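Remarks on the overall topology
This is what each chain is made of:
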Amino acid sequence: MSKIVQVKAIQIFDSRGTPTISCKVILDNGMEGIAMVPSGASTGSKEALELRDSEIKYHGKGVLNAVDNINNILGPLIVGNDPIQQEKIDQSLIDRDGTNDKSQLGANSILAISIAVSRVAASLKGISLHEHFSDLYKDMTGEKPQQSLPMPMLNILNGGEHADNNIDIQEFMIIPSGAESFTQAMQWSSEVYINLKEILHSMKLSTSVGDEGGFAPNLNSNEDAIKLIEESIIKSDLKPGIDINIALDCAASEFFKNGKYILSGEGKELSSDEFSDYLKNLISKYPITSIEDGMDENDIDGWKLLTKKIGNKCQLVGDDLFVTNKEILSKGIKEEIANAILIKFNQVGSLTETIRAIECATSAAYKSIISHRSGETEDTTIADLAVGLGVGQIKTGAPCRSDRVSKYNRLLWIEEENNKILLK
Ligand code: PGA
Ligand code: ZN
């Protein structure tokens, strides 16, 4: 048995230039696993706490206290453990923190160790990270998942909190549903992306990109964004609704104020009923097959309405709604709201709890989508997580900017090296 001999963390930077944590777990045989933690901008209020220093330095966003918590408290706690025992290690970190939302020592500290442990465990076993994740799922649930390449959802037009434009909906994604391989999915997506750039350029609209690598022009309405995407699909000689579908992440909690959905970009103030009709109208006119956070995270009646209206024909994804939290998801399943969950491991703060949330979704026939955060690093763990657990879907931004593309590039290698693992 190999043991952990050291856990070491430093402060690094994410794709927005904001501090985050990098953590190394070192074994007695010299092997190392390294992890970097992502960070959100449009966060759900029930997410586990991301510990930030309250000093003036780094605009109050330093993570030096969280780094100290790893180096001085959490790291020493797991020294001597076998890195294969992910669940036991995660549990001891969670117990040491002792709060429900990891607010004592920070979800970012705990997650950094949790991921680094999994990475060194895979090296120790001499297998790929996705294979190791598949084993972990089996150890925890008794069921070995069917590994597969995920269908990517690429956010090619950014609005909301991720851009400085006037678009209220946060993400306009393409899903290359008709592709027969991950490679083909990425070929089509990059062609559509470049064609969208050309169309925007020809219309004298901005081709600067937002936080997730999608374009961020000013437009007259959310619907105009969808029309432009449809146009770029056609310009790529692909068929909207057959080769490529469209997905939205409204991130509606960001524009829900005093009981109304405020679309300031188009001068509308809508009730839950009216906004769910607004979305219903969009899916009837365009090939939109997935809508995330279509309603505010606390507007449960709105979620019920939306699920009733379009839940049978559209994937309805809870992100801020479920925050990768098994208990919150279980409640939502009972209330029959949404039909899918977005999985972001930093929302809950450990690998073990992330896997539990996926297991809970799967057992209720809810779909899971593995997701990046808007603040990312070059860490590609989520690519392996999507493959190893065979969840079938990943969203990790536009086919542009290395913080996004690093995940897609990792998936291209996985496809190359495992041609028996097919696109789900
Ligand atoms: P976030 O955005 O990482 O800023 O929360 C991503 C999302 O809402 O899906
Ligand atoms: Zn979201």
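Preceding this paragraph is the structure being described.
In this report, we go over the structure that sits alongside the text. (Residues numbered from 1 in each chain as written. Chains lettered and ligands numbered in written order. Predicted model: local features only at pLDDT ≥ 70, side-chain atom pairs only at ≥ 80, totals over all residues. Heavy atoms only, no water.)

Quick look at the overall build of the chain now. Per the secondary structure count, the chain includes 13 helices and 14 strands. The C-alpha atoms of the chain give 21 Å as radius of gyration, which agrees with the globular expectation for 424 residues (22 Å, within 12%). C-alpha extents for the chain along the principal axes are approximately 60 × 50 × 40 Å. Partitioning the contacts of the chain with sequence separation of at least 6, the portion at a separation of at least 24 is 69%. The positive charge centre, built from 43 side chains, and the negative charge centre, built from 61, are 1 Å apart in the chain. (Helix = DSSP H or I, 4+ residues; strand = E, 2+ residues; numbered from the N terminus. Rg over C-alpha atoms; globule rule 2.2 N^0.38 Å. Contact = heavy atoms within 4.5 Å. Lys, Arg positive; Asp, Glu negative; His and termini not counted. Charge placed at Lys NZ, Arg CZ, Asp CG, Glu CD.)

A surface patch of nonpolar side chains, about 270 Å² in accessible area, is lined by F13, Y58 and L64. Structurally, F13 is set in strand 1 (residues 4-13). On the basis of relative accessibility, which here comes to 46%, the residue F13 falls in the partly exposed class. (Patch = residues over 30% accessible without salt bridge, like charges linked within 9 Å, V, L, I, M, F, W, Y side chains within 5 Å. Areas by Shrake-Rupley, 256 points an atom, 1.4 Å probe, with all protein chains shown as cover. Salt bridge = Lys/Arg side-chain N within 4 Å of Asp/Glu carboxyl O. Buried < 20%, exposed > 50% of the residue type's maximum accessible area, 1.4 Å probe, protein only.)

Here we come to unusual backbone geometry. Positive phi, normally seen in glycine, also occurs at H59, with a value near 55 degrees. As for its position among the elements, H59 is in the loop between strand 3 (32-36) and helix 1 (64-78). Of note in this structure, K102 is not a glycine but carries a positive phi near 60 degrees. Examined against the element boundaries, K102 turns out to sit in the loop between helix 2 (86-97) and helix 3 (107-125). The class for K102 is buried, based on a relative accessible area of 3%.

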